[in-house]
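Examining the three-dimensional arrangement
Each chain, letter by letter, is given below.
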Amino acid sequence: MDYISAIEDSLGIEAKKVFAPLQPGDVPDTYADVSDLVMQFGYKPNTPVRTGVRNFVDWYKDFHKWFRNLEGISNMKIGIIGLGYVGLPLAMEFGKLFQTIGFDINKQRVEDLKLGKDSTAEFDEISLRKNDNLIFTYSEEELSNCDFYIVTVPTPIDESNNPDLKYLINASELIGNYLSKDSIVVYESTVYPGATEKVCVPILEKISGLEFNKDFFCGYSPERVNPGDKEHKISTIKKIVSGSTSDACERVNELYTSIIKAGTFKAKSIKIAEAA
């Protein structure tokens, strides 16, 4: 009864108790003998039953909330723009759970991936071919009606050691043509603080005709990929996430939490995340 009353206290509701007569072989009381564990491993349990039950109930509540959120986003469509060493691993992970469009302007790169060939040597043919939710394409029309767009294009340094944002601008122009209401555009490309909202957002607004933080939203999550590192993969590296509003941040966080086993850290603003 101690367990039942502890669960009742933790949940704040009364359990419906049904008592059946003891059957042959049943015992009225049970206990666990941990003396061997104490002797061999120094195991000394010191958590009271009520504390342990409360901790479990709290964990279950969090898990149930996460699972319901995952159910709610399971029908999403995600567009990954750029299939290099950052975009391809993301597309592969999201493709395990969601309908994912992996887009790249390099037609040869796309055709190779369709055939199971990865020039970066990150994924083998079997891995590339068995991901049924993932489509590789260079057709822009495939990016229509995405709930999330994730931009992973390169931002090289020019001759003056300034970031060259031409690929970022091109990607923003492309997304602007297909951006729909309530969509979120997440940038992962390395930029200077303020670039997302000062450079990319105006392009998205102009081409789509939608209003930022009313019709669509943005986020930023700095890429954390070490090419060739087979041990520290994308799912095992903690991810910084951010959003243009608190709700957008939560949605971005829910999305990345679904694939990042190491967990996430929510930055207070896009600019802070860009500076990370």
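These lines cover the structure that appears in this document, whether it is placed above or below. (Residues numbered from 1 in each chain as written. Predicted model: local features only at pLDDT ≥ 70, side-chain atom pairs only at ≥ 80, totals over all residues. Heavy atoms only, no water.)

Scanning the protein chain from N- to C-terminus turns up 10 helices and eight strands. The C-alpha atoms of the protein chain give 25 Å as radius of gyration, which overshoots the globular expectation for 276 residues (19 Å, by more than 25%). The long-range share in the protein chain, meaning contacts at least 24 apart out of those at least 6 apart in sequence, stands at 71%. Of the side chains in the protein chain, 31 bear a positive and 41 a negative charge, and the two mean positions are spaced by 2 Å. (Helix = DSSP H or I, 4+ residues; strand = E, 2+ residues; numbered from the N terminus. Rg over C-alpha atoms; globule rule 2.2 N^0.38 Å. Contact = heavy atoms within 4.5 Å. Lys, Arg positive; Asp, Glu negative; His and termini not counted. Charge placed at Lys NZ, Arg CZ, Asp CG, Glu CD.)

A few words on helix α5 (residues 107-114). Those residues of α5 that fall on the buried side of the exposure criterion are Arg109, Val110 and Leu113. Around the axis of α5, the buried residues are gathered within 95° of arc, so they sit on the same side. Facing away from the buried side of α5 by over 90 degrees, the exposed positions are Lys107 and Gln108. Lining the buried residues of α5 we find α4 (87-94), α6 (125-129) and β3 (134-137). Near the N-terminus of α5, the side chain that reaches the backbone nitrogen of Gln108, with its oxygen 3.1 Å away, is that of Asn106. Of the residues one or two after α5, Gly116 is the one with positive phi, at around 85°. (Buried < 20%, exposed > 50% of the residue type's maximum accessible area, 1.4 Å probe, protein only. Arc of directions from axis to C-beta. Polar contact = N/O pair within 3.5 Å; in protein donor to acceptor, adjacent residues only side chain to side chain.)

Moving on, we get to the environment of Ala15. Its location among the elements puts Ala15 in the loop between α1 (2-11) and α2 (35-41). Considering only alpha carbons, one finds Ala15 and Lys214, 199 residues apart in sequence, at a separation of 45 Å. Apart from residues no more than four positions distant in its own chain, Ala15 is found in contact with Ile4 and Glu8.

Attention shifts here to the sheet that holds strand β6 (residues 217-220). On the basis of which strands lie adjacent, the open sheet formed by six strands has the order β3-β2-β1-β4-β5-β6 and parallel pairing. Both outer strands of the open sheet, β3 and β6, are each paired with one neighbouring strand and no more. Within this sheet the neighbouring strands show an average axis-to-axis angle of 20°, counted without direction. (Pairing = 2+ DSSP bridges. Axes fitted to C-alpha atoms, helices over the stretch in contact; angles between N-to-C directions.)

Before going further, it helps to spend a moment on the pattern of salt bridges. Following the criterion strictly, the structure yields six salt bridges and no others. For Arg109, the salt bridge identified is with Asp118, shortest N-O distance 2.9 Å. Per residue, the accessibility class of Arg109 equals that of Asp118, and both read buried. When the shortest N-O distance is used, the salt bridge between Asp215 and Lys181 registers 3.1 Å. (Salt bridge = Lys/Arg side-chain N within 4 Å of Asp/Glu carboxyl O.)

Time to look at the packing of aromatic side chains. One pass over the full model with this rule turns up three aromatic pairs. Pairing Phe94 with Phe98 gives two aromatic rings, centres 6.3 Å apart and planes at 40°, and the pair type is tilted. On the basis of relative accessible area, Phe94 is assigned to the buried category, the value being 0%. For the ring pair Phe212 and Phe216, a centre distance of 5.6 Å and an interplane angle of 45° mean the geometry is tilted. Side by side, Phe212 and Phe216 carry an identical accessibility label, which is buried. In this structure an aromatic cluster arises from ring pairing among Phe94, Phe98 and Tyr256. (Phe/Tyr/Trp six-rings, centres within 6.5 Å; stacked < 30°, edge-to-face > 60°.)

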